[in-house]
Amino acid sequence: MYKENLNKFILNQDQKISEALQATNMLGIAFVTADNGKLIGVITDGDIRRAGLRGRSLDSEVSHIMNKDFFYAIDETEDADILKKIPKRVHCIPVVDCEGLLIGYKFFSELTGKNALITGITGQDGAYLAEFLLAKGYTVYGAYRRTSNLTFSRLEYLEIKDKINLIPLDLTDPWSVYNALKISSPSEVYNLAAQSFVQTSFNQPQLTLNINTIGTANVLEAIRYSSPSTKYYQASTSELYGKVHEIPQNEKTPFYPRSPYAISKLAAYWLTVNYREAYGIFACNGILFNHESPIRGYEFVTRKITQGVAAIKTGRDTELHLGNLDAKRDWGYAKDYVESMWLMLQHGEPEDFVIATGKTHTVRDFAEKAFEKAGLDYREYVKVDEKFYRPTEVDLLIGDPSKAKNKLEWNPDQKTTFAELVDMMVVNDLKLLENNA
Ligand code: NAP
Ligand code: GDD
């Protein structure tokens, strides 16, 4: 047991935090729990938090603090024994009993019992993010849209389908969005749903704009009116840089979108910034560069290649038809990237971040490596077919993730490499076809 120098101040439900601020003058912040672990009050210092509280009642403000303002980062001044047990710089809070004795540390999610709502739960990122948040103790609500042939194959692949509360939602239907927020009461919303295939956006620009732009406005409006302390993650994209103005691309690089998809995401990017500035919503843009995985959609070039390799290797096919082999992308592993989404919402301030590996490769490089992994020479099988060319191409993407590295401690040098990613995808697709013989 550690006796901390805390002035005890237990709030009743009908008291205001402003009273506590006047009555206390101490370092740090502690949530006081009753025996059953239920939160009954809060002790806080006056200065850091005052701005965010504005004398509102405990009922709203405890959740406000916990959802938005509160971080207690362990640093070197803490007790050495505790430091050994808890990884440094993990956000957690001291828990004290009614005598002001420190009885331990609790992770944020343990105390809050946080709910997260993920739109696009059936997609690649939705599945990995759900897996990540479940492991962190979140209650995960996953929004899916009605389709005639609904599949939760990615959630089944990760064996998490039964752990997710599934809610029907179409991003283009504002009431279904509002309803999903009402059902899930989320402290965090991850808006991943989108018409995400660039090629399709040239043929279906209006649909793309409806889902990606109007859909984003629908989510932000629902948050603004029904749950303004909910934190918001927007799935922005390196496609915004399009015809690039700078190499590598960072958060300050000007945008030059080259497809209806990128244009729809550009408006969504600015909606996110605007709701942050206009209404104080904790809204962040994750400007993620391409990220792939064994559960990547089959229409994207990486998966098309690895599936093609597996089909050729197992004798099901003899050729692979691709478009522009010279396009360069900064490819990372989706499972590594979803962590950054969460980190953005745990950061002290809502900001926008580039997430990338900082390395770039051509489509040809990817194909060469993937065929090599199966003991084949891509030159014998890959045929260039102009029907896969785009009316306007994004020739070169390479991100500068320095900001995420410094502020979020998300470090691409410690993540899956390009070679590991290609190998993982080829092995997976070979296994799928071999098992399906
Ligand atoms: P994905 O696999 O294509 O998943 C998209 C998800 O959105 C699917 O669950 C899809 O549902 C859902 N969706 C589409 N239209 C919808 C609508 N009208 N209402 C509700 N849900 C709808 O995409 P992803 O690779 O996971 O990417 C996730 C997000 O990140 C997307 O917004 C994408 O634009 C963005 N992004 C991706 C990358 C990348 O490299 N993967 C990079 C930067 C940004 P169905 O299953 O029913 O189709
Ligand atoms: N899909 C596809 N199919 N692309 C091909 C092909 C092919 O047969 N041949 C060459 N390519 C080239 C495309 O022209 C493009 O330059 C590159 O491969 C990558 O294409 P995709 O894998 O379709 O991805 P993307 O870069 O257009 O878009 C993805 O990444 C974005 C982030 O930069 C998507 O996930 C977007 O949703 C995401 O925002």
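Overview of the structure.

Here is what the cut-offs are and how they apply
Residues numbered from 1 in each chain as written. Chains lettered and ligands numbered in written order. Predicted model: local features only at pLDDT ≥ 70, side-chain atom pairs only at ≥ 80, totals over all residues. Heavy atoms only, no water. Axes fitted to C-alpha atoms, helices over the stretch in contact; angles between N-to-C directions. Helix = DSSP H or I, 4+ residues; strand = E, 2+ residues; numbered from the N terminus. Parallel < 35°, antiparallel > 145°, perpendicular 65-115°, else oblique. Left-handed = near helix turned anticlockwise from the far one by under 90°. Contact = heavy atoms within 4.5 Å. Nonpolar A, V, L, I, M, F, W, Y, C, P; charged D, E, K, R; others polar. Near = heavy atom within 4 Å. Polar contact = N/O pair within 3.5 Å; in protein donor to acceptor, adjacent residues only side chain to side chain. Phe/Tyr/Trp six-rings, centres within 6.5 Å; stacked < 30°, edge-to-face > 60°. Buried < 20%, exposed > 50% of the residue type's maximum accessible area, 1.4 Å probe, protein only. Lys NZ or Arg CZ within 6 Å of the ring centre and 35° of its normal. Areas by Shrake-Rupley, 256 points an atom, 1.4 Å probe, with all protein chains shown as cover.

A short note on the packing of helix H14 (residues 363–373) against helix H16 (residues 418–435)
Their axes nearest at 9 Å, the elements H14 and H16 cross at an angle of 55 degrees. When the interaxial angle is binned, H14 and H16 end up oblique. The chirality of how H14 crosses H16 is right-handed. Only Phe-418, Ala-419, Val-422, Asp-423, Met-425, Val-426 and Val-427 of H16 make contact with H14, whose side of the interface consists of Asp-365, Phe-366, Lys-369, Ala-370 and Lys-373. The residue makeup of the contact of H14 with H16, split by class, is eight nonpolar, no polar and four charged.

Observations concerning the site of ligand 1
Surveying the vicinity of ligand 1 reveals 26 residues, the closest of which are Thr-122, Arg-145, Ser-196, Tyr-261 and Lys-265. Here Arg-145 contributes a side-chain N or O atom positioned 2.8 Å from an oxygen atom of ligand 1. Here an oxygen atom of ligand 1 sits 2.6 Å away from a polar atom, N or O, in the side chain of Tyr-261. Listed by contribution, the elements that provide at least two residues to the shell around ligand 1 are helix H6 (124–135), strand E10 (231–237) and helix H11 (260–279). With three residues, E10 is the largest single contributor of residues to the shell around ligand 1. Split by residue class, the shell around ligand 1 holds ten nonpolar, ten polar and six charged.

Focus on the packing of aromatic side chains
Applying the stated rule across the entire model yields 16 aromatic pairs. With a centroid separation of 5.4 Å and 80 degrees between ring planes, the pair formed by Tyr-144 and Phe-152 is classed as edge-to-face. The class for Phe-152 is buried, based on a relative accessible area of 13%. Taken together, Tyr-241, Phe-255, Tyr-269, Trp-270 and Phe-289 form an aromatic cluster joined through their ring pairs. Positioned over the ring face of Phe-300 is Arg-296, at 3.8 Å from the centre of the ring. The aromatic ring of Phe-388 is capped on one face by Lys-304, whose charged end is 3.3 Å from the ring centroid.

Details of the site of ligand 2
Close to ligand 2 lie 23 residues; Ser-196, Ser-238, Tyr-261, Arg-390 and Glu-393 are nearest. A distance of 2.6 Å is found between an oxygen atom of ligand 2 and a side-chain nitrogen or oxygen belonging to Thr-237. Interatomic distance of 2.5 Å between a side-chain N/O atom of Tyr-261 and an oxygen atom of ligand 2. Burial of ligand 2 by the surrounding chains reaches 96%, relative to a free accessible area of 720 Å².

Things to note about the packing of H6 against helix H13 (residues 334–346)
Two elements in contact, H6 and H13, have axes whose closest approach is 9 Å; the angle formed by their N-to-C orientations is 65 degrees. H6 and H13 meet at a crossing whose hand is right-handed. Counting all contacts with H6, which are made through Gln-124, Asp-125, Tyr-128, Leu-129, Glu-131, Phe-132 and Leu-133, the residues of H13 involved are Ala-334, Lys-335, Val-338, Glu-339, Met-341 and Trp-342. Looking at the contact of H6 with H13 residue by residue, the classes come out as eight nonpolar, one polar and four charged.

Re unusual backbone geometry
The omega torsion of the bond from Ile-247 to Pro-248 falls at -5 degrees, within 30 degrees of zero and hence cis. The phi angle at Glu-159 is positive, at roughly 55 degrees, despite the residue not being glycine. Its location among the elements puts Glu-159 in the loop between helix H7 (153–157) and strand E8 (165–168). The class for Glu-159 is exposed, based on a relative accessible area of 64%. In the Ramachandran plot, Ser-185 falls in the positive-phi region, its phi being about 40 degrees despite a non-glycine side chain. Among the secondary structure elements, Ser-185 is positioned in the loop between helix H8 (174–184) and strand E9 (188–191).

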